[in-house]
Amino acid sequence: MVEGRAGGNQHWAEARECLRLPIFAPLRPTIDALPAERWPTHAELMEAAKDAVTARGKRVRFVKPRERSEREKSCYEEHINATGEVETRASNWHDLFNARVWIAFLSAMAAIIAQHATILAEGGEREARLRSPERDALTLFDEGGVIVASRSPELLRLIVDFEWKELFWRRRAELEQSTRFFAFGHALYEKALDPYIGIVAKTVFVPATDLFFMSKPESQVAVVDDLVAGHFSRRARFQSPKAMAPMPVMGVPGWHPRTGEESFYDDPEHFRGKIRS
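Quick caveat: nothing in here was measured; it's all calculated off a predicted structure. (Residues numbered from 1 in each chain as written. Predicted model: local features only at pLDDT ≥ 70, side-chain atom pairs only at ≥ 80, totals over all residues. Heavy atoms only, no water.)

## A few points about the overall build of the chain
Part 1 of the argument: When helices and strands are tallied, the chain shows 14 helices and 6 strands.
Part 2 of the argument: The C-alpha radius of gyration computed for the chain amounts to 19 Å, which stays within 12% of the reference 19 Å derived for 277 residues, consistent with globular compactness.
Part 3 of the argument: Expressed as lengths along the three principal axes of its C-alpha atoms, the size of the chain is roughly 50 × 45 × 35 Å.
Part 4 of the argument: Of all 277 residues assigned to the chain, the portion counted as buried reaches 50%.
Part 5 of the argument: Considering only intrachain contacts with a sequence separation of at least 6, the fraction spanning at least 24 residues in the chain is 72%.
Part 6 of the argument: Split by element, the accessible area of the chain, about 13,400 Å² in all, is 52% carbon and sulfur.
Part 7 of the argument: Charged side chains in the chain number 39 positive and 40 negative. The centres of these two groups are separated by 3 Å. (Helix = DSSP H or I, 4+ residues; strand = E, 2+ residues; numbered from the N terminus. Rg over C-alpha atoms; globule rule 2.2 N^0.38 Å. Buried < 20%, exposed > 50% of the residue type's maximum accessible area, 1.4 Å probe, protein only. Contact = heavy atoms within 4.5 Å. Areas by Shrake-Rupley, 256 points an atom, 1.4 Å probe, with all protein chains shown as cover. Lys, Arg positive; Asp, Glu negative; His and termini not counted. Charge placed at Lys NZ, Arg CZ, Asp CG, Glu CD.)

## Comments concerning the pairing of strand β5 (residues 200-207)
Part 1 of the argument: Pairing analysis gives 6 bridges linking strand β3 (residues 145-150) to β5, with the strands arranged parallel. Note on β5: the bridge partner recorded for V148 is F205.
Part 2 of the argument: Note: β5 against strand β6 (residues 246-248), 3 bridges, orientation antiparallel. From the neighbouring strand, K202 faces β6, where its bridge partner is P246. (Pairing = 2+ DSSP bridges.)

## Regarding unusual backbone geometry
Part 1 of the argument: One non-glycine residue with positive phi stands out, namely S91, at about 50 degrees.
Part 2 of the argument: By the element assignment, S91 lies in the loop between β2 (85-87) and α6 (93-104).

## Comments concerning the packing of helix α7 (residues 106-129) against helix α14 (residues 217-231)
Packed helix pairs are specified by the crossing angle of their axes together with the interaxial distance, meaning the distance between the axes.
Part 1 of the argument: Between α7 and α14, whose axes approach to 7 Å, the crossing angle comes to 15 degrees. With respect to α14, the axis of α7 lies roughly parallel. The interaxial crossing formed by α7 with α14 has left-handed handedness. Contact residues: L106, S107, A108 and A111 in α7; D225, D226, V228 and A229 in α14. (Axes fitted to C-alpha atoms, helices over the stretch in contact; angles between N-to-C directions. Parallel < 35°, antiparallel > 145°, perpendicular 65-115°, else oblique. Left-handed = near helix turned anticlockwise from the far one by under 90°.)

Take it as geometry only, folks, not as evidence of what the structure does.
If you want it as structure tokens, here you go:
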């Protein structure tokens, strides 16, 4: 596994090779701007985010972690929404990917953080002590979500119904013409440095038009960013984690070295079907 240790320049160099894999495509413009030979500084992380603001208009800043009480730790998102400060550990993959996601998907991240803050304000101490199903859903997507942009309701149904081989193999040509997958969660990106078949993500579906598929990749990221921000603007859409269909991430064509093999999708443990009652 590629490790994130202070001074670990060799590990950083190894990771730069991994970051060229297809799953990292949404972050590639922000990653390419980072130093090639060492971990970026906080100042360098912030350079690409100089125009980024939270839903409350606070400039997003990546800062060193501060000493916090347990109460303050539980209100992490509230602090970001109010101040724009995103606590970011140095030489840490998890936090580095969080910073990159903030830049690539600014509107979506601002909307998610704003909803956290609203729910915390409504729930007070109880919400700070015990996350509601709504905040669980927000957190799960923030950490391990995938955006599915599609113009095919039928293919989206295959995700909901766990028809993985039908989706990823038998109908691959149709999938490639009508659907795009965008890794979103920063913990998902961290796992992708050393991918294993069993990675599962929560999905958010957004509509895609013909113009969307004719657009450049960076334009597609901007479109889905706005659509996901709109999705999370309505709390009825994320009442609990169950509102988001799970998906075996490594089944996406190109996201695992074996997705070109039909037998890969015959693994009943990692591409299991829905249990029927």
